[in-house]
Amino acid sequence: MASLSFSSSVSSSTPFLRPSAFFLKPRSISRLPLVRAKIREIFMPALSSTMTEGKIVSWVKSEGDVLSKGEPVVVVESDKADMDVETFYDGILAAIVVNDGETAPVGAPIGLLAETEDEIAEAKAKAAAQSSSAPSATATKVEESAPVATKVEAPAPAVAAAAPATPGKVVATPYAKKLAKQHKVDINKLVGTGPFGRITPEDVEKAAGITPAPKANVIAPVAPAASAATSTASPAKAATSFPEIPGSNVVPFTTMQAAVSKNMVESLSVPTFRVGYPISTDALDALYEKVKPKGVTMTALLAKAAAMALVQHPVVNATCKDGKSFTYNSSINIAVAVAINGGLITPVLQDADKLDLYLLSQKWKELVEKARAKQLQPQEYNSGTFTLSNLGMFGVDRFDAILPPGQGAIMAVGASKPTVVADKDGFFSVKNKMLVNVTADHRIIYGADLAAFLQTFSKIIENPESLTM
Amino acid sequence: MQSAISLSLSSPSPIARSGVANTSNACWPMPRSLRFCGLRREAFDSAASFDASSLRFVRLNLQPKHSSLSKVSAVLKGNGAPSSSGFDYDLVIIGAGVGGHGAALHAVEQGLKTAIIEGDVVGGTCVNRGCVPSKALLAVSGRMRELQNEHHMKSFGLQVAAAGYDRQGVADHANNLASKIRSNLTNSLKALGVDILTGVGTILGPQKLKYGKGDSGEKIITAKDIIIATGSVPLVPKGIEVDGKTVITSDHALKLEFVPDWIAIVGSGYIGLEFSDVYTALGSEVTFIEALDQLMPGFDPEIGKLAQRVLINPRKIDSYTGVFASKITPAKDGKPVQIELVDAKTKEPKDTLEVDAALIATGRAPFTKGLGLENINVQTQRGFVPVDERMRVIDANGKLVPHLYCIGDANGKMMLAHAASAQGISVVEQVTGKDHVLNHLSIPAACFTHPEISMVGLTEPQAREKAQKEGFEVSVAKTSFKANTKALAENEGEGMAKLIYRPDNGEILGVHIFGLHAADLIHEASNAIAMGTRIQDIKFAVHAHPTLSEVLDELFKSAKVKVSSSSAVAEPVPV
């Protein structure tokens, strides 16, 4: 048995707002400040964090008993255990407001403690007024006001008007009621969405702002019907529940993965289109062989080529921020998508058009190292104006990239493969060709713009000498 | 089967066995086989019954007279011939429930020619519509509860994907269990040679009755002694319309034809509690309607309170106490089940509930209609057949009706299957010339929730009342499952055991257990009460470690008895 002490002084102030006649009756109010009676309340203590109401197991003391500080007065049953409640003050137990076996919400007075015998009668009168006027002051009514801890001088505001009292009309399931009590949701204000308009646990959770935990006990044969019902009830949030597949393993997103997920969903609001272009890479490959010993990577070559093409086609480097205007970016920052540790990040080669190939390659190496060490600064991965994604090293011949929010276009580069081509004179030859596919925001970049950009890009790749200049 | 029995006549083993059986009968006034819900005998199955019947044969063959073969076509089997001439049977039992079955088995063991009349199915309520199928459902609910308790599983280091169930599969399990137990019960009666007479039994006069279906094929038989063991049916208070679909009794609920989202259970006794355990585990929300001021009125208050904290408060259950369900209308015309509540004291309307289903678990009413009690001037009291402490039927003038007994739910003394069986055995002891009075305070009771509740003897208030009247002192000892190794290993530390006893002489007045496997643990206490074992003696008994039984060990040891052990120090046994 643990012991807790709880009591408060009534004479100076009323520590609670219970809508009982006690505080509404003018007589009592006028008398209170006059007679400087020390009548203290013993109120229902919160014995556990989840306790919303307590039941009086038994009064250890009876009315008229003299109490001394620290003495157990009453045994209270919470949701967890029975506990002795003791008083902080000496006095006489003048009146018991909540009797054995009755229940009161946390903070509600359960008894009155008089300092001297003279006050007993007065305390009794109050108690009588209290209990007679509120015989059915059940938890629901008191709920609204009881938890308010503010000390309010009498006269108390007229709370009585707020009590709607429509018994029997509000139908809530047992668990819904429990949840409402737990989260202090006024069940009378809810609109039920359950069968026959009843208030379900989900309704209460929604009102309390809790996202309902996925039901653990999904009942196999019932599940499809249940999810169908919820989707019709809230069509806006359809597709939120999937059938459970036994044995599945749920792994939450990392921060990086969550960011990817968020960006991908956001991208759906942008109207995009795609244009593909085959480019011969024989010259580029030859150049690459030459500059490779100097630390130049294919990524740097492609980034440099894209940057040079973008200089001639500023609209492809632009951004549509509000759906009403073009935002032309002053610098050309090429973001390059990199798969890393189960995530995806886009380190940015800033001013790729201005840096030479060797500096660019060096810069790229630094960025990748930083990305691996998770040390990229925000401007090093979110300042891109155009994105390059290359899956060619896997042998992918073509693919389709999703446009990241905030950019105008993204280029998806496939593998370079030997291809039979016929020239304008009808001669066949085998050349290395790669397919480049650009996804763009059609609000600002139109088909012809993109086609022109790709044509420029292909010329640079096919005549790559300019890249080294 | 019968041919097999005749073979065993010549073998020596049955003779040896008969000797053993005789001594044991002489030693124990209490029967050896106190059947718990009829689940005892079928464990041996036909092989064991076979032995028992052959044993009977041996003994009966010592007096080789097949004099008055009965007029009825019933075949005379191992059951032997009536010992007193002029009667078709020594004993006829009306009703083949657990009580009747227990009585019949013991009667055959005592050499009585026995018949049992059954108008419905063998096994009665317990096997077909009661304890047996409900245990199947509770076995499912226990597992569901465990699998759904993520915290519980995690603390074991177990990972379980969302647990689900197939309603029909659960229902089939309950049904299969009932039919298995029923056929085992029937087989055990047949193997012993008890005549199973089909039809409704009616008493025509002293030692005379008829049985049969309708007017055709009714047969009149005579018996030296008659036992009424007709049992009970679910009690449905007036105003409640049971449609068997949305407003149901335990009879329907055990078929588990549907699992409602929200079910109101009227009555929070054993039946109501067990069903609340089943329904909440299967995903329903439950509303209890209890006429008394508190839930679980039949239990020791302290146990009830703890049980409520574990079995009711944290689950999706709410309750209305101190109210009667004055009117319950089944769901129809697109409306849910409507329940009108009135204050139990003032009878004023209090509330109306709208739920998906209602289960009536307000208790059970004796099934004594059509028994022909008027032919022997017996008046039932609220349907119950009045009996004395020896189960002898009392007539309207307060006189004992000779050779007529009533056991089980029909007499209302203690409406438990195993109590009926014990009463039946007690009656058989009496009709075979050994006076026997059953100590009802030694009969344990259990509620198979998760965790279980069990009890034997008096509750604390009852004990204190008795102590005040008779002027003795009462003490209470308690132990917790939290201190028990096995319970903690199972992560089931919730629970307590409580002992109510006399400190002056160490008599056990009552034991109440709430916790893991409480229903199995109670028997140490109930046996101690039945045998009159005192605490100062039983505290020296040894319990295997680590087992749940140590909860009781500790309980007995924590009692403070003022007298010391009564038994003499046993001879040292070298090991």
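Residues numbered from 1 in each chain as written. Chains lettered and ligands numbered in written order. Predicted model: local features only at pLDDT ≥ 70, side-chain atom pairs only at ≥ 80, totals over all residues. Heavy atoms only, no water.

Time to look at the pattern of salt bridges. Applying the stated rule across the entire model yields 34 salt bridges over all chains. One salt bridge in this structure joins Lys177(A) and Asp318(B), with 2.8 Å as the shortest N-O distance. Residue Lys177(A) is found in helix α5 (residues 174-183), and its partner Asp318(B) is found in strand β11 (residues 317-321); the two belong to separate chains. Overall, Lys177(A) belongs to the partly exposed group, its relative accessible area being 29%. Notably, a salt bridge pairs Glu266(A) with Lys262(A), separated by 3.4 Å at the nearest N-O pair. Of the two residues, Glu266(A) and Lys262(A) both sit in helix α8 (residues 255-266), 4 residues apart, roughly one turn of that helix. You can call Glu266(A) partly exposed: its relative accessible area is 36%. Residues participating in the shared-partner salt-bridge network are Asp300(B), Glu302(B), Glu460(B), Arg464(B), Lys478(B) and Lys498(B). (Salt bridge = Lys/Arg side-chain N within 4 Å of Asp/Glu carboxyl O. Helix = DSSP H or I, 4+ residues; strand = E, 2+ residues; numbered from the N terminus. Buried < 20%, exposed > 50% of the residue type's maximum accessible area, 1.4 Å probe, protein only.)

On the surface, a nonpolar cluster with roughly 310 Å² of combined accessible area is contributed by Leu147(B), Phe156(B), Leu158(B) and Val160(B). Tracing the backbone through its elements, the reader meets Phe156(B) in helix α7 (residues 150-156). (Patch = residues over 30% accessible without salt bridge, like charges linked within 9 Å, V, L, I, M, F, W, Y side chains within 5 Å. Areas by Shrake-Rupley, 256 points an atom, 1.4 Å probe, with all protein chains shown as cover.)

Moving on, we get to the UniProt feature "active site" (unreviewed entry) in chain B. All names here are of chain B. Mapped onto the present numbering, the UniProt feature "active site" (unreviewed entry) falls on His545. By the secondary structure assignment, histidine 545 is in the loop between α17 (535-538) and α18 (550-558). If sequence neighbours within four positions are ignored, histidine 545 has contacts with Thr485 and Glu550. Polar side-chain contacts of histidine 545 include one of 2.7 Å to the side chain of glutamate 550. (UniProt positions renumbered as here; feature names shortened; annotations may be inferred. Contact = heavy atoms within 4.5 Å. Polar contact = N/O pair within 3.5 Å; in protein donor to acceptor, adjacent residues only side chain to side chain.)

Residues and elements named next belong to chain B. Reading across the sheet, the 3 strands line up as β12-β13-β14 and stay open at both edges, with antiparallel pairing between neighbours. In this open sheet, the two edge strands, each paired with only one partner strand, are β12 (323-329) and β14 (349-355). The average undirected angle you get between the axes of adjacent strands in this sheet is 25 degrees. One ladder, built from 6 bridges, connects strand β13 (residues 337-343) with β14; its direction is antiparallel. Bridge assignment links valine 337 to a residue of β14, and that residue is valine 355. (Pairing = 2+ DSSP bridges. Axes fitted to C-alpha atoms, helices over the stretch in contact; angles between N-to-C directions.)

Time to look at the UniProt feature "domain: Peripheral subunit-binding (PSBD)" (unreviewed entry) in chain A. Following the UniProt record, one finds the feature "domain: Peripheral subunit-binding (PSBD)" (unreviewed entry) at residues 171-208 of chain A. Regarding residues 171-208 of chain A, the helix share stands at 45% and the strand share at 0%, and the terminal C-alpha atoms are separated by 18 Å.

Moving on, we come to helix α12 (residues 417-431) of chain B. Residue and element names in this part refer to chain B. With 15 residues, α12 ought to run about 21 Å at 1.5 Å a step, and its terminal C-alpha atoms sit 21 Å apart, in line with that. Across the 15 residues of α12, 15 count as buried, placing the element largely inside the fold. Taken from the residues just after α12, glycine 433 is the one with a positive phi, measuring 90 degrees. (Expected span 1.5 Å × (residues − 1).)

Residue and element names in this part refer to chain A. In the contact formed by helix α9 (residues 282-291) and helix α10 (residues 298-312), the axes pass within 11 Å of each other and the chain directions differ by 130 degrees. In terms of their interaxial angle, α9 and α10 are classed as oblique. For the pair α9 and α10, the crossing hand works out as right-handed. Contact with α9, carried on its side by Leu284, Asp285, Leu287 and Tyr288, involves Met298, Leu301 and Leu302 of α10 and no other residues of that element. (Parallel < 35°, antiparallel > 145°, perpendicular 65-115°, else oblique. Left-handed = near helix turned anticlockwise from the far one by under 90°.)

Before going further, it helps to examine the interface of chain A and chain B. Each side of the interface is counted separately: chain A has 27 residues, and chain B has 30 residues. Of all residues in chain A, Pro174(A), Lys178(A) and Phe196(A) bury the most surface against chain B, accounting for 25% of the area lost on that side. Between Arg198(A) and Asp356(B) there is a salt bridge, with the nearest N and O atoms lying 3.0 Å from each other. Summed over the shared surface of chain A and chain B, the number is 9 residue pairs in polar contact (both at pLDDT 80 or more). Here the side of chain A that touches chain B gets 5 residues from one element, more than from any other, and that element is α5(A). For the side of chain A that touches chain B, a count of residues per class yields 14 nonpolar, 5 polar and 8 charged. (Buried area = accessible area lost by both parts, 1.4 Å probe. Nonpolar A, V, L, I, M, F, W, Y, C, P; charged D, E, K, R; others polar.)

All names here are of chain B. For arginine 145, the position within the fold is in helix α6 (residues 131-148). Classification of arginine 145 by relative accessible area gives buried; the value is 17%. Looking at arginine 145, its side chain comes within polar contact range of the side chain of threonine 280, at 2.6 Å.

Residues and elements named next belong to chain A. Taken residue by residue, chain A gives an average pLDDT of 75. The fraction at 70 or more is 76%. Low confidence marks residues 1-35, where pLDDT is under 50. Its contacts with residues over four positions away, or in another chain, come to 86 contacts. Low pLDDT, under 50, characterises residues 133-168; the stretch is placed with 40 contacts to residues that sit more than four places away or in other chains. (pLDDT = per-residue confidence, 0-100.)

All names here are of chain B. Taken together, the buried positions of helix α16 (residues 523-531) are occupied by Ala525, Ser526, Ala528 and Ile529. For α16, the angular spread of the buried residues around the axis is 160 degrees, confining them to a single face. A positive backbone phi angle near 75 degrees is found at glycine 532, which sits one or two residues after α16. (Arc of directions from axis to C-beta.)

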